[in-house]
Amino acid sequence: MSFIKEVEFVARALGKKLLHLREKGPIDGEWIGTQLKTDADMMAHQFLENELPKIKANIPVISEESDKGKGGDRPNLYWLIDPIDGTASFANGFNGFTIQISLMDNLATTMAVVYAPAFDEMFTAELGGGAFCNNKALHVINKNSIESLIDNYPEPRGTAKYLCNELAIKNYIECGGIGLKICRIADKSADLFAKTVTVRDWDIAAPELILKEAGGVLLTSDGDEFIYNHSYEKNGVIAASSELLTNQIVDLIKKINS
């Protein structure tokens, strides 16, 4: 029996807490490498760690914000969470942050919730059950060419700039966290998202299922499938509306690295 509605309820409750926290004043944090860490991240982690077991007991929680459960082999069944994906957006008053919750079973995502509180957009998917945003079914358009690319800067930089130039992509969309960018492929707001920096399983697991259930494709920047075992770090990500487009981007990225 599905319990995705209960997960949605928890994500929505956390979203209200985060919006209220941001209304109270500036969010301070500390940069650790490329990751901004704030007290809000830990609050969100603790909230989900407390609430998810109430939905289904005896399922461990593995979180970006804790080392608990990350040593050794992964459980067969576990929650994988990113309490705030896009912390920099959250802390700086931008809207492109999400709460990401995945139910992982035998190395694959079987249930996914990505909630964007500032937009009140609830993206959901269950394996084999389709993808939805606020209960409306999502279906990508399988295009042969890339008309729009999405990334997190005001203008294209790095890999995004290279791809825009090589493919003469005219439309560039600025967005926040990784999860929301992938969901924007699923809801047809954009055609392509590509990063060659290290990404982590909690960044990808929930939006990947949403995109795939909407008919899209997601690979590492090497062109490999995401397999959720061993290291939690993966080499980049390519998300697009069709296999043809992802294969095209894999080839172009290989040229950068050759």
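In this text the structure is predicted, and so the values were computed from the model without any measurement. (Residues numbered from 1 in each chain as written. Predicted model: local features only at pLDDT ≥ 70, side-chain atom pairs only at ≥ 80, totals over all residues. Heavy atoms only, no water.)

Q: Explain the packing of helix α1 (residues 4-23) against helix α2 (residues 39-55) to me, and be specific about the residues and the numbers.
A: It is at 10 Å that the axes of α1 and α2 come closest, and there the two elements cross at 155°. Taken together, the axes of α1 and α2 lie roughly antiparallel to each other. Judged by the sense of rotation from one axis to the other, the crossing of α1 with α2 is right-handed. On α2, the residues that touch E6, V7, V10, A13, L14, K17, L18 and L21 of α1 are A40, M43, A44, F47, L48, E51 and I55. (Axes fitted to C-alpha atoms, helices over the stretch in contact; angles between N-to-C directions. Helix = DSSP H or I, 4+ residues; strand = E, 2+ residues; numbered from the N terminus. Parallel < 35°, antiparallel > 145°, perpendicular 65-115°, else oblique. Left-handed = near helix turned anticlockwise from the far one by under 90°. Contact = heavy atoms within 4.5 Å.)

Q: Account for the environment of L163, naming residues and giving values.
A: Mapped onto the fold, L163 is located in helix α4 (residues 158-167). Between the alpha carbons of L163 and L149 there is a distance of 8.6 Å; along the sequence they are 14 residues apart. With residues up to four places along the chain from it excluded, the contact list for L163 reads L149, A168, I169, L192, A194, I249 and L252.

Q: Break down the side chain of E121 for me, with residues and values.
A: Structurally, E121 can be placed in strand β7 (residues 121-126). There is a polar contact of 2.7 Å between the side chain of E121 and the side chain of R184. Discounting chain neighbours no more than four positions away, the residues touching E121 are V114, Y115, A116, C133, N134 and R184. (Polar contact = N/O pair within 3.5 Å; in protein donor to acceptor, adjacent residues only side chain to side chain.)

Q: How would you sum up the pattern of salt bridges? Please name residues and give values.
A: As enumerated under the stated definition, the model contains 14 salt bridges in all. Here R74 ties to D201 by a salt bridge, and the two come within 2.6 Å at their closest N and O atoms. One end of the pair, R74, is in the loop between β3 (61-63) and β4 (77-85); the other, D201, is in helix α6 (residues 201-213), with 127 residues separating them in the sequence. Accessibility expressed as a relative area gives 13% for R74, which makes it buried. The exposure class assigned to D201 is buried, which follows from its relative accessible area of 0%. Where R157 meets E155, a salt bridge forms, and the shortest distance between an N and an O atom there is 3.0 Å. Overall, E155 belongs to the partly exposed group, its relative accessible area being 38%. Via salt bridges that share partners, R74, D201 and K234 belong to a single interconnected network. (Salt bridge = Lys/Arg side-chain N within 4 Å of Asp/Glu carboxyl O. Buried < 20%, exposed > 50% of the residue type's maximum accessible area, 1.4 Å probe, protein only.)

Q: Outline the packing of α4 against helix α7 (residues 243-257), listing residues and values.
A: A packed helix pair is summarised by two numbers, namely the angle formed by the two axes and the spacing between the axes. Axis separation between α4 and α7 bottoms out at 11 Å; the angle between their running directions is 115°. Compared by their axis directions, α4 and α7 come out roughly perpendicular. The way α4 lies across α7 gives a crossing that is right-handed. Taking contact as the criterion, the partners of Y162, L163, E166 and L167 in α4 are, on α7, Q248, I249, L252, K255 and I256. Considering only residue class, the contact of α4 with α7 consists of six nonpolar, one polar and two charged. (Nonpolar A, V, L, I, M, F, W, Y, C, P; charged D, E, K, R; others polar.)

Q: Kindly report on the sheet that holds strand β5 (residues 98-105), identifying the contributing residues and their values.
A: Read across the sheet, seven strands follow the order β3-β4-β5-β6-β7-β8-β9 without closing on themselves; strand pairing throughout is mixed. In this open sheet, the two edge strands, each paired with only one partner strand, are β3 and β9 (136-137). Both strand β8 (residues 131-133) and β9 contribute to a ladder of two bridges, which runs antiparallel. Directly across from C133, in β9, lies its bridge partner K136. Sheet strands touched by α1: β4, β5, β6 (108-116) and β7. Its angle to β6, the strand with the most contacts, is close to 35°. Of the strands in this sheet, β3, β4 and β5 touch α2, which is tilted by about 150° from β4. (Pairing = 2+ DSSP bridges.)

Shape is all these values report; function is a separate question.
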